[in-house]
Amino acid sequence: MKYHITAFFLGFIMDLLIGDPQGFPHPVRLMGWLTGRLERLLFVEREKTRPERLSKAGLSVRKKKELRRGAVLAALVPAASFLVSASLLGAAYLLHPLLGLAVEAGMTWQILAVKSLRVESMKVYRCLKKGSLPEARAAVSMIVGRDTDRLDEEGVAKAAVETVAENTSDGVIAPMLYTAAGGPALGFLYKAVNTMDSMIGYKNDRYLYFGRAAAKLDDAVNFIPARISALLMIAAAFIGGKDFSAKGAFAIFKRDRKNHASPNSAQTESVCAGALGVRLAGDASYFGKIVHKPWIGDAGRSVEDEDIRRVCRLLYLTAFLGEALCLGVLLLLFRIFRSVF
C-alpha cells in the first residue's frame, strides 16, 4: 500500500508539471480507437427502404438490437482497459517493486488531466485576449462538444468556463477518486467509460439507442464523484480569495445542481456559476440543432475572458483539495492496516 500511496502522489505531481505533451501516446487515444472499431463492427446500419418491424413491446427490432450491441460495447471497452492495465502493472511489480512504483506513477499521471485542461482552456483565453474570435472559436471547439462556429466572444468564454467546471469532476476528481480507491486499473476503467460516453453517449438519431448503455454507465460511475467534486469546489471557492464567492457557490449549488439532463453535469457547473457570480448553460447548438437547456446561476454580470483564468484557479484549488483528501484517507487506512496486521 505504501507503493500505491507514493505512486499516487508522484503521478499527481507529474500531471501538474508535464500535463499531456503534444504527440505523446496516451491510453485514452487507444480507448477511443477501440470504441471506434467496435462501433463500426456492432452498429446496426439502417435500411431506409425497409419498414421497421416492431417487437411485442412496441420497440423496433433494429432499436432493440442497437441497445444490445451498445451494451456489448459498453462492457468490452472498460473490461479491456481494466485487464490490460492491471496485467501491465502486476507484471511490473512482479519484476521489481520499484519498477512497479514507476509504472504506477506513470499510469496515474496519464489518468489525471489537471494541466492539460488548463492548457487547452488558456488557449481560448489567449485568442480572446488578442481579439481573434475565429481562432478562439477553433480553440474552444477542441474542448467542447457543441457547435462553436457562431458563438460570440461571451459565448466562447462561457463554453470554456463550462467545460473546465464540468471536467474538474470528469477529468480530475472522479479519476483521482477511482485511482486512489483501486489503483490505475480502476482509474483506467473509469477513463474508458468516460471516453465511450464522449464518443457515443449522445441523444441524437444515431446514438440514442446504441449509446444508451455507455451514457447510463457514465451517469452511474460519476454519480458520487460529481457530488464530492462539487463540495470540494465549494471549499476551493472559500479559500480562493476575493475572485470567488463561497456563499454564492453553495447557494447556486443547492438551487441549480439538477438543472441539466445529466444527473451529474450541473453539480460542479452550478458551484462555478455561483462562485463567479455568472449565468452558465442555457440553449446550445449540437450537430446543427438547438438543444434547450435551463440556465444555471444568476446573470449578475456577463461572462468575460478573465473568467477562464478564474475557473482554472478554481480547478487547481479543487484538485489540490481532492489530492489532499485522497492521500489523507489512504494514509489513515495504511496506519489502521499496520496497527491491525
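It should be noted that the structure appears before, not after, this text.
Caption draft 1: Quick peek at unusual backbone geometry. You will see that Ala281, though not glycine, has its phi angle at about 65 degrees, which is positive. Relative to the elements of secondary structure, Ala281 occurs in strand β1 (residues 280–281). Overall, the relative accessible area of 6% leaves Ala281 in the buried class.

Caption draft 2: Looking closely at the packing of aromatic side chains. All chains considered together, the criterion is met by four aromatic pairs. Their ring planes at 85 degrees and their centres at 5.7 Å tell us that Phe12 and Phe320 sit as a pair that is edge-to-face. Of this pair, Phe12 sits in helix α1 (residues 2–18) while Phe320 sits in helix α11 (residues 306–340), and the two are 308 residues apart along the sequence. Pairing Tyr178 with Tyr190 gives two aromatic rings, centres 5.3 Å apart and planes at 15 degrees, and the pair type is stacked.

Caption draft 3: Spotlight on helix α2 (residues 27–42). The first and last C-alpha atoms of α2 sit 22 Å apart over 16 residues, in line with the 22 Å expected at 1.5 Å per residue. The complete set of buried residues in α2 reads Pro27, Met31, Gly32, Thr35, Gly36, Leu38, Glu39 and Leu42. Buried residues in α2 make contact with α3 (61–95), α4 (97–111) and α7 (153–200).

Caption draft 4: Broad picture of α1. For α1, which comprises 17 residues, the first-to-last C-alpha distance of 24 Å matches the rise-based estimate of 24 Å (1.5 Å per residue) to within 8%. The complete set of buried residues in α1 reads His4, Ile5, Ala7, Phe8, Gly11, Phe12, Asp15 and Leu16. On its buried side, α1 packs onto α3, α4, α5 (114–129), α7 and α11. Just downstream of α1, Gly19 is the residue with a positive phi angle, here 70 degrees.

Caption draft 5: Broad picture of a nonpolar patch on the surface. A contiguous nonpolar patch, built from Met1, Leu325, Val329, Leu332, Leu333, Ile336, Phe337, Val340 and Phe341 and spanning about 900 Å² of accessible area, is present on the exposed surface. Its location among the elements puts Val329 in helix α11. Of the residues examined, Val329 reaches a relative accessible area of 43% and is grouped as partly exposed.

Caption draft 6: Layout of the nonpolar core. Of all hydrophobic cores here, the largest spans 64 residues; its most connected members are Val124 and Ile308. Of all the elements, α7 adds the most residues to this core, at twelve residues. Residues contacting Ile308, with those up to four places away along its chain left out, are Ser121, Met122, Val124, Tyr125, Leu128, Ala157, Ala160 and Val161. Within the second largest apolar cluster, 21 residues are counted, among which are Val77, Met107, Ile111 and Phe188.

Caption draft 7: Expanded view of the packing of α3 against helix α8 (residues 212–239). Their axes nearest at 7 Å, the elements α3 and α8 cross at an angle of 50 degrees. It follows from the interaxial angle that α3 and α8 lie oblique. Mapping the contact onto sequence places Leu67, Gly70, Ala71, Ala74 and Pro78 in α3 and Arg212, Ala213, Ala214 and Leu217 in α8. Within the contact of α3 with α8, the residues separate by chemical class into seven nonpolar, one polar and one charged.

Caption draft 8: Local environment of the packing of helix α9 (residues 246–256) against helix α10 (residues 265–276). For the pair α9 and α10, interaxial distance at closest approach is 7 Å and the crossing angle is 140 degrees. Considering the angle they form, α9 stands oblique to α10. Note on packing geometry: the crossing formed by α9 with α10 is right-handed. Where α9 approaches α10, its residues Gly248, Ala249, Ile252, Phe253 and Asp256 are matched on the opposing element by Ala266, Gln267, Ser270, Val271, Ala273, Gly274 and Ala275. Residues belonging to the contact of α9 with α10 are distributed by class as follows: seven nonpolar, four polar and one charged.

Rules and cut-offs
- What you see as residue numbers is a count from 1 along each chain, following the sequence as written.
- Local features are withheld for residues below a pLDDT of 70 in this predicted model, meaning they are given only at 70 or higher, and side-chain atom pairs are given and counted only at 80 or more; totals for whole chains, interfaces and linings count all residues.
- Side-chain measures were taken over the full set of non-hydrogen atoms in the model, leaving aside hydrogen atoms and water.
- Where helices and strands are cited, they refer to DSSP runs of H or I of at least four residues and of E of at least two residues respectively, numbered from the N terminus.
- Any residue under 20% of the maximum accessible area for its type is buried, any over 50% is exposed, and the rest in between are partly exposed; the area is computed with a 1.4 Å probe on protein chains only.
- By convention, a stacked pair of Phe, Tyr or Trp rings (six-membered ring in the case of Trp) has centres within 6.5 Å and planes under 30 degrees apart, an edge-to-face pair has planes over 60 apart, and any other such pair is tilted.
- Residue count minus one, scaled by 1.5 Å, sets the expected span of a helix.
- When checking whether two residues touch, look at their non-hydrogen atoms; a contact exists if any pair is within 4.5 Å.
- Surface patches are drawn from residues lacking salt bridges whose relative accessible area is over 30%; two like charges belong together within 9 Å, two nonpolar side chains (Val, Leu, Ile, Met, Phe, Trp, Tyr) within 5 Å.
- Areas reported here follow the Shrake-Rupley algorithm with a probe of radius 1.4 Å; residue values treat only the protein chains shown as occluding.
- In what follows, salt bridge is the name for a side-chain nitrogen of Lys or Arg lying within 4 Å of a carboxyl oxygen of Asp or Glu.
- Each nonpolar core is a collection of buried residues, namely Ala, Val, Leu, Ile, Met, Phe, Trp, Tyr and Cys, held together in the definition by side-chain atoms within 4.5 Å.
- Working convention: axes come from line fits to C-alpha atoms, limited for helices to the stretch in contact. Angles between N-to-C directions cover 0 to 180 degrees.
- Working definition: roughly parallel below 35 degrees, roughly antiparallel above 145 degrees, roughly perpendicular at 65 to 115 degrees, and oblique for all remaining angles.
- Amino acid classes used here: Ala, Val, Leu, Ile, Met, Phe, Trp, Tyr, Cys and Pro are nonpolar; Asp, Glu, Lys and Arg are charged; the rest, including Gly, are polar.
- Two helices cross in a left-handed way if the nearer one is turned anticlockwise from the farther one by less than a right angle. They cross in a right-handed way if the turn is clockwise.

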